[in-house]
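Structure assessment
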Amino acid sequence: MQAVVTGFHAIEESVNAIQKSKKNPQNVKLFYSKVGPRVKKILATAKEAGVSSVQVENSKLDDLVKDLPAALQDHRGIVLQKDVQNKENSSANYVEFDSWLKQAEQSFLSEKKSITVVVLDKITDPHNVGAIIRSCDQFGVSLVVIPEHKSSNDIENNDVIARSSAGASAWVPVAIVNNLVRTVEKLKESGFWVYGADAGGETCGKIDFAEKTVLIMGSEGQGISQLLEKQCDTIVSIPTCGKIDSLNVSVATGVLLYEIFRRKNK
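Structural notes, computed from the coordinates.

Calculation criteria
- Every chain's residues receive numbers from 1 upward, in the order its sequence appears when written.
- Given that the model is predicted, a residue must reach a pLDDT of at least 70 before its local features are reported, and side-chain atom pairs must reach 80 or more before they are shown or counted; all residues, however, enter totals for whole chains, interfaces and linings.
- Only hydrogens and water are set aside; all other atoms, that is, all heavy atoms of the structure, feed into the side-chain values.
- Only residues whose relative accessible area exceeds 30% and that form no salt bridge are eligible for patches; like-charged ones are grouped when within 9 Å, while nonpolar side chains (Val, Leu, Ile, Met, Phe, Trp, Tyr) are grouped when within 5 Å.
- Throughout, the Shrake-Rupley method with a 1.4 Å probe supplies accessible areas, and for residues the shown protein chains are the sole cover considered.
- Any carboxyl oxygen of Asp or Glu within 4 Å of a side-chain nitrogen of Lys or Arg constitutes a salt bridge here.
- A helix here means a DSSP run of H or I that spans at least four residues, while a strand means a run of E at least two residues long, and both kinds are numbered starting from the N terminus.
- Under this definition, polar contacts are N or O atom pairs within 3.5 Å; protein pairs additionally need one hydrogen-donor-capable and one acceptor-capable atom, and for neighbouring residues in sequence, both atoms have to be side-chain atoms.
- Contacts are residue-level and defined by heavy atoms, with any inter-residue pair within 4.5 Å sufficient.
- Only protein chains enter the calculation, and the probe is 1.4 Å; a residue is then buried if its accessible area is under 20% of its type maximum, exposed if over 50%, and partly exposed in between.

1. Some details on a nonpolar patch on the surface
Where nonpolar side chains cluster on the molecular surface, the patch consists of Leu247, Val251 and Val255 and spans about 200 Å² of accessible area. Position of valine 251 relative to the elements: it lies in helix 9 (residues 249-264).

2. With respect to unusual backbone geometry
Backbone geometry places arginine 76, a non-glycine residue, at a positive phi of 55°. Here arginine 76 is to be found in the loop between helix 3 (58-65) and strand 4 (78-83). The phi dihedral of lysine 122 falls on the positive side, at around 60°, and the residue is not glycine. Looking at the secondary structure, you find lysine 122 in the loop between strand 5 (115-121) and helix 5 (126-138).

3. With respect to the side chain of glutamine 231
Tracing the backbone through its elements, the reader meets glutamine 231 in the loop between helix 8 (226-229) and strand 10 (234-237). Within polar-contact distance, the side chain of glutamine 231 engages the side chain of glutamate 185 at 3.5 Å. Those residues in contact with glutamine 231, other than ones at most four positions away along the chain, are Val181, Val184, Glu185, Lys188 and Val194.

4. Things to note about the pattern of salt bridges
A full pass over the atoms with the stated rule returns nine salt bridges. Where arginine 182 meets glutamate 185, a salt bridge forms, and the shortest distance between an N and an O atom there is 3.2 Å. Highlighted residues: arginine 182 and glutamate 185, both in helix 7 (residues 180-189), separated by three residues, approximately one helical turn. Relative accessible area serves as the criterion here: at 27%, glutamate 185 is assigned to the partly exposed category. What emerges from the salt-bridge pattern is a single network uniting Arg182, Glu185 and Glu189.

In structure tokens:
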């Protein structure tokens, strides 16, 4: 199956990820119509990464993006096409959770580096998932955990997530798991302190976040599920003064991740 990526950020980071991996980028190809400064930079990186580039008419690019959502059809003169069945060309940094946890435990013991894990509970809007991954990249999150069911988790094939993350999905480790509750239990057994985001909790600015932190973000409609909430050590809230009920989940995640990052690095 072929996937199409548009947007300068998303394409740049996909190409950068291929270059960093030093894997053979088979079945990945760039199509471009004009060579502006941004496109020229992308083409140069693609050449270093071994990604083939083909100059085509603008009508060819229009044809490539015609099946994308309307918001993603503005290709701005360059499109990346890839075979998503080839795992070596994945634009999503998927990891296996148990293996990641074992490596994280060893890394924490040897390097004493702070670790932050974000767990997304039934967040179905791909725009929110992409924006959250972008914030995770900016604030040093070590892992994003997404459930296999009842969530927007197809990062590889979902162009909305790729574009909303501005390419960060190529860098931030993501684990797709079958059972969120059991996953959080494993994190607790490994010494993580679990914070659930919800109204009525402790103000985020007053919390000294643990060196091994899990932040659970629930869906806007239902919040954190009851079984997951029982796993939380602390409920954390963002003080606001607006007239509507709450912040968008991606905005709230960004605020909390900034606070966690700031307090861990003060």
